[in-house]
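This is what each chain is made of:
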Amino acid sequence: MATPDFLSPDPLPPALELVTTFELVPTPSVDAGAGPLGRRRIGFVKRGSFDGPRLSGTVIGGDDHFLVRADKVLDLDVRVVLRT
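(A) A look at the environment of Val 68. Secondary-structure assignment places Val 68 in strand β5 (residues 64-70). C-alpha separation for the pair Val 68 and Ala 32, spaced 36 residues apart in sequence, amounts to 9.8 Å. Apart from the residues lying within four places of it in its own chain, the contact partners of Val 68 are Leu 37, Gly 38, Arg 39, Arg 40, Val 73, Leu 74 and Asp 75.

Here's what the structure looks like:
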């Protein structure tokens, strides 16, 4: 019985390949106050674009992003709709 690749003693590291690069234009964020995970700010992406060897297009504006800061760590949650 053959051993699956992911169980081999010396697995090869995954190959990384650039897919695209984003350029986003956000609106100023709004302070939403402190919460159980830290201080929260909310903002929106006005517009943007992305371009790369495998994927290109525009970012449809209006989607929101959340920034939570706790213990000098910034947790960034950005969700956008892409038009390819």
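Picking up where we left off.
(B) Molecular detail of the pattern of salt bridges. Inspection of every chain in the model, using the stated rule, returns three salt bridges. Between Glu 17 and Arg 54 there is a salt bridge whose closest N-O contact spans 3.1 Å. Placement of the pair is Glu 17 in the segment before β1 (21-26) and Arg 54 in the loop between β3 (38-51) and β4 (57-60), with a sequence separation of 37 residues. Each of the two residues, Glu 17 as well as Arg 54, counts as exposed. The shortest N-O distance in the salt bridge between Asp 77 and Arg 79 comes to 3.1 Å. The class of Asp 77 is partly exposed, set by a relative accessible area of 27%.

(C) Seen up close, the side chain of Thr 20. Position of Thr 20 among the secondary structure elements: in the segment before β1. A relative accessible area of 16% means that Thr 20 is categorised as buried. Within the local environment of Thr 20, its side chain forms a polar contact with the backbone nitrogen of Asp 51, the two atoms lying 3.2 Å apart. Within polar-contact distance, the side chain of Thr 20 engages the backbone oxygen of Leu 55 at 2.9 Å. Excluding anything up to four places from it in sequence, Thr 20 contacts Phe 50, Asp 51, Gly 52 and Leu 55.

(D) Structural view of the environment of His 65. Take His 65: it is sitting in strand β5. Exposure remark for His 65: the relative accessible area of 8% places this residue in the buried category. A sequence separation of 24 residues divides His 65 from Arg 41, and the C-alpha atoms of the two residues are 8.4 Å apart.

Criteria and cut-off values
Residues numbered from 1 in each chain as written. Predicted model: local features only at pLDDT ≥ 70, side-chain atom pairs only at ≥ 80, totals over all residues. Heavy atoms only, no water. Helix = DSSP H or I, 4+ residues; strand = E, 2+ residues; numbered from the N terminus. Contact = heavy atoms within 4.5 Å. Salt bridge = Lys/Arg side-chain N within 4 Å of Asp/Glu carboxyl O. Buried < 20%, exposed > 50% of the residue type's maximum accessible area, 1.4 Å probe, protein only. Polar contact = N/O pair within 3.5 Å; in protein donor to acceptor, adjacent residues only side chain to side chain.

No statement about biological role is implied by the geometric values presented.
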